[in-house]
Amino acid sequence: MKTEERLNEEYTGTEEQPSKRGILSRRSFCIGLGGTAVLIGFGGFKFITVDPIIRPPGGQNEGKVIASCIHCEKCYEICPRNIIAPGHIEDGVLNIRTPTFNFKYDYCDWCEKENDGVPLCATICPTDALYLPAGAGIFSAALGKAELNPDWCLAYKMMGCASCYRACPYEAMELDEYGRPYVLEDVCIGCGACQAACISLSSGSISEGANERAIIVRALDDKGQIIYKHGYRGR
Amino acid sequence: MKVVNIRTIVVLILIAVITIGYITNYSIGTFSAVGWREFALLCPLGAFETMLASKTFVGKALVSLIATVVLFALCGRAFCSWICPIPLVSRLPDFIKKRLMANKTTTHAVVSERAALADKAGADEQVVKPKVTESIGNSLVKAKCSSGSSHCSACHEKRGHLDSRHIVLGASLLSAFVFGFPVFCAICPLGLTIASILLVVQLFAIGEVTWTLLFAPLVLVIEVIFFRKWCQVFCPLSAITSLLSKATVTMKLRIDDKKCLETSQNRKCSACASVCPERINPRHPEKSYSLMCECTKCYECVQVCPTKALKIPFLPWKTGSFARVSDKHKEKKD
């Protein structure tokens, strides 16, 4: 249909005297303004504040990630453990398709084996959205900190689970006198091993209202403080 | 094989390579930054937007940015028809419609009919051909503009040297600077196409269920299928490629006056003009809707030409009797 219309126009065009070509027609200008209005409207999402989400190494400056990420998805692909995933609309409109962690099956060790402790994601980011300053290492720049929710934790129901405690590669968890794990927040670097190991959502009696695992790595705010979701502050 | 099918296959292969790269962790990247690991051809729009948004100069982006701009400058708007999946997405409703209602006359049918008539006229050595084509043309005109063509402004208004795409391009850069994040990148249909595919992969690979799975395709559909002429009217990337191709000399459309029906046998043909998706008239560039810099090297005109009088060589020399098609219409022959 469309092509036929175009065909007609060509025919009328060739039969009559060609019209002059301007710099910018009024119609184009108006359409352009319409497009501009949409972009400005979408830019307004910037003013809706959302909690920071957990980012791969080098992405701890939230503003920098939002400003520099072009959603090229190279970091997801390069990640040898497949734990970098796109952010979703649930995390805020601006966070859609920006890198975040999915600690469902594995955790981040800053590519210890694969690249001698230099995270591949920060190395390949073409626009420096993930950017590690010189000298930043796994222990100097925490990705986040783990928060344990005793309401959902199996150990706190005296079921003897200590998966997260055993999984922690950096000795950031301890057991109390009843064998219940808790997080040492000064030591925790937010690697996500505990979250990957947590079985609270898949085994045992699932707690009422539980929609995520009992131990979750939370992002840090700009002052480096953990953003608690459940208000439980360890021991 | 129809050139449109070849283009479709090329784009589908590219999408398949990107998807396989995503699944197998080969870090090929997507259209925003395609390449092997650290070496990536960066989307020029995205690169400028992020530099403006973060107010920092990214040194490592510069090399890939220059490489991309050089490629765009060499190949003109070939990106738009051979690599970008958006024309494919916007053809999707037509494709489905064609499958449902298979008896519609397509342009190709009209053009091939016209080419057949041209051949017949050529065989008879009579100059009856113009009459025949004109009658086809007039009947089509009547079918569309019943009020006559003189008041129909859409038929006459030409695309200017700048158009709405350039305004959107300026707005993309400005909004990135003002709001501090690449606004256009967030709704770029090119990115959303790949995102939609990869989200489906994620859904089946790790069972990730999210509202983005609906949001990304929805925005894509609104942009590309709702506004049918996204590429010609809104796309700022298309504005960049057309600006870059204004200055280039490689991959320019050339026409051989000795072969062209109009110049060699003084017959009316216009087959090339009727298939051009950018509404360029290669025979009479001064009558085109678009300037020559909008040519996307789609090869539709080269394919449809009944006497093979058109070609798009990569190098500007060694073109024989083929003269360059220019907007200024001065150089009849090089």
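Not measured: the values here are computed from a predicted model. (Residues numbered from 1 in each chain as written. Chains lettered and ligands numbered in written order. Predicted model: local features only at pLDDT ≥ 70, side-chain atom pairs only at ≥ 80, totals over all residues. Heavy atoms only, no water.)

Thoughts on the overall build of chain B
Phase 1: In terms of helices and strands, chain B carries 17 helices and five strands.
Phase 2: The buried share of chain B, taken over its 334 residues, is 53%.
Phase 3: In chain B, once contacts between residues fewer than 6 apart in sequence are set aside, the share between residues at least 24 apart is 71%.
Phase 4: When the accessible surface of chain B is summed, it comes to about 15,600 Å², and 69% of that surface belongs to carbon and sulfur atoms. (Helix = DSSP H or I, 4+ residues; strand = E, 2+ residues; numbered from the N terminus. Buried < 20%, exposed > 50% of the residue type's maximum accessible area, 1.4 Å probe, protein only. Contact = heavy atoms within 4.5 Å. Areas by Shrake-Rupley, 256 points an atom, 1.4 Å probe, with all protein chains shown as cover.)

Observations regarding the pairing of strand E3 (residues 145–148) of chain A
Residue and element names in this part refer to chain A.
Phase 1: Judged by which residues are buried, E3 turns out to be covered on both faces: Lys-145 and Glu-147 on one side and Ala-146 and Leu-148 on the other are all buried.
Phase 2: With four bridges joining them, E3 and strand E6 (residues 215–218) adopt antiparallel strand pairing. The residue of E6 that forms the bridge with Leu-148 is Ile-215. (Pairing = 2+ DSSP bridges.)

Topic: helix H14 (residues 236–245) of chain B
Phase 1: Of all 10 residues in H14 of chain B, eight are buried, a share of seventy percent or more.
Phase 2: If you check which residues of H14 of chain B are buried, you get Pro-236, Leu-237, Ser-238, Ala-239, Ile-240, Thr-241, Ser-242 and Ser-245 of chain B.

Considerations on the interface of chain B and chain A
Phase 1: Every contact between the two is made by 95 residues of chain B and, on the other side, 71 residues of chain A.
Phase 2: Counting each side, the surface lost to burial between chain B and chain A is near 7,100 Å², with a carbon and sulfur contribution of 60%.
Phase 3: The interface formed by chain B and chain A contains one salt bridge.
Phase 4: The partner of Lys-60 of chain B in a salt bridge is Asp-128 of chain A, with the nearest N and O atoms 3.2 Å apart.
Phase 5: One can count 15 residue pairs in polar contact (both at pLDDT 80 or more) joining chain B with chain A.
Phase 6: Partitioning the side of chain B that touches chain A into residue classes produces 45 nonpolar, 34 polar and 16 charged. (Buried area = accessible area lost by both parts, 1.4 Å probe. Salt bridge = Lys/Arg side-chain N within 4 Å of Asp/Glu carboxyl O. Polar contact = N/O pair within 3.5 Å; in protein donor to acceptor, adjacent residues only side chain to side chain. Nonpolar A, V, L, I, M, F, W, Y, C, P; charged D, E, K, R; others polar.)

Some points on the environment of Gly-63 of chain A
All names here are of chain A.
Phase 1: Mapped onto the elements, Gly-63 comes out in helix H3 (residues 62–68).
Phase 2: We classify Gly-63 as partly exposed; its relative accessible area is 40%.
Phase 3: Sequence-wise, Gly-63 and Ala-129 are 66 residues apart; in three dimensions their C-alpha atoms are separated by 9.4 Å.

Details of the environment of Ser-288 of chain B
Phase 1: Among the secondary structure elements, Ser-288 of chain B is positioned in the loop between helix H16 (271–275) and helix H17 (300–304).
Phase 2: A sequence separation of 129 residues divides Ser-288 of chain B from Arg-159 of chain B, and the C-alpha atoms of the two residues are 8.9 Å apart.
Phase 3: What Ser-288 of chain B contacts, discounting residues up to four positions off in sequence, is Arg-21 of chain A together with Lys-158, Arg-279, Ile-280 and Asn-281 of chain B.
Phase 4: Looking at Ser-288 of chain B, its side chain comes within polar contact range of the main-chain nitrogen of Asn-281 of chain B, at 2.7 Å.

A closer look at the nonpolar core
Phase 1: Phe-101 of chain A together with Leu-237 of chain B are the most contacted members of the largest nonpolar core, which totals 73 residues.
Phase 2: The residues touching Leu-237 of chain B, leaving out its near neighbours within four places in the chain, are Cys-43, Pro-44, Leu-45, Phe-79 and Leu-190 of chain B.
Phase 3: The next biggest cluster of nonpolar side chains, apart from the first, holds 21 residues, and it includes Cys-260, Ile-280, Val-304 and Cys-305 of chain B. (Core = buried A, V, L, I, M, F, W, Y, C linked by side-chain atoms within 4.5 Å.)

Points about the sheet that holds strand E3 (residues 254–256) of chain B
Residues and elements named next belong to chain B.
Phase 1: Pairing is antiparallel in the open sheet, where three strands are placed in the order E4-E3-E5. One side of each edge strand has no neighbouring strand; the edge strands of this open sheet are strand E4 (310–311) and strand E5 (322–324).
Phase 2: As paired strands, E3 and E4 are joined by two bridges and run antiparallel to one another. Across the sheet, residue Ile-255 finds its bridge partner in E4, namely Leu-310.

Quick notes on the side chain of Ser-164 of chain B
Phase 1: On the secondary structure map, Ser-164 of chain B appears in helix H9 (residues 164–179).
Phase 2: Ser-164 of chain B sits in the buried class, given a relative accessible area of 4%.
Phase 3: Reaching out from Ser-164 of chain B, the side chain makes a polar contact with the backbone oxygen of Val-233 of chain B at a distance of 2.8 Å.
Phase 4: Residues contacting Ser-164 of chain B, with those up to four places away along its chain left out, are Leu-24, Ser-28, Ile-31 and Gly-32 of chain A together with Val-233 of chain B.

Topic: the packing of aromatic side chains
Phase 1: The full count for this structure, using the stated rule, is nine aromatic pairs over all chains.
Phase 2: Seen from their ring centres, Tyr-76 of chain A and Tyr-22 of chain B are 6.5 Å apart, and the 75° between their planes marks the pair as edge-to-face. Placement of the pair is Tyr-76 of chain A in helix H4 (residues 74–78) and Tyr-22 of chain B in helix H1 (residues 3–23), with the two residues belonging to separate chains.
Phase 3: Judged by its relative accessible area of 4%, Tyr-76 of chain A is buried.
Phase 4: Ring centres of Phe-139 of chain A and Tyr-170 of chain A lie 5.6 Å apart, and the angle between their planes is 85°; on these two criteria the pair is classed as edge-to-face. Taken together, the residues span a long stretch of sequence, with Phe-139 of chain A in the loop between helix H6 (120–124) and E3 and Tyr-170 of chain A in the loop between helix H7 (163–167) and strand E4 (173–175) at a distance of 31 residues.
Phase 5: Through a chain of ring-to-ring contacts, the aromatic side chains of Phe-184, Trp-230 and Phe-234 of chain B assemble into a single cluster.
Phase 6: A cation over a ring is seen here: Lys-55 of chain B above Phe-177 of chain B, with NZ or CZ 4.7 Å from the ring centre.
Phase 7: For the cation-ring pair, Arg-279 of chain B lies above Tyr-289 of chain B, with the distance from its terminal atom to the ring centre recorded as 3.9 Å. (Phe/Tyr/Trp six-rings, centres within 6.5 Å; stacked < 30°, edge-to-face > 60°. Lys NZ or Arg CZ within 6 Å of the ring centre and 35° of its normal.)

A few points about helix H3 (residues 59–75) of chain B
Residues and elements named next belong to chain B.
Phase 1: End to end, H3 covers 25 Å across 17 residues, agreeing with the expected 24 Å (1.5 Å per residue, within 8%).
Phase 2: Among the residues of H3, Ala-61, Ser-64, Leu-65, Thr-68 and Phe-72 are the ones counted as buried. One face of H3 carries all of its buried residues, which in axial projection span an arc of 110°.
Phase 3: Its buried side turned inward, H3 meets strand E2 (41–42), helix H2 (44–54), helix H4 (78–82) and H14.
Phase 4: Positioned one or two residues after H3, Gly-76 has a phi angle of 60°, which is positive. (Expected span 1.5 Å × (residues − 1). Arc of directions from axis to C-beta.)

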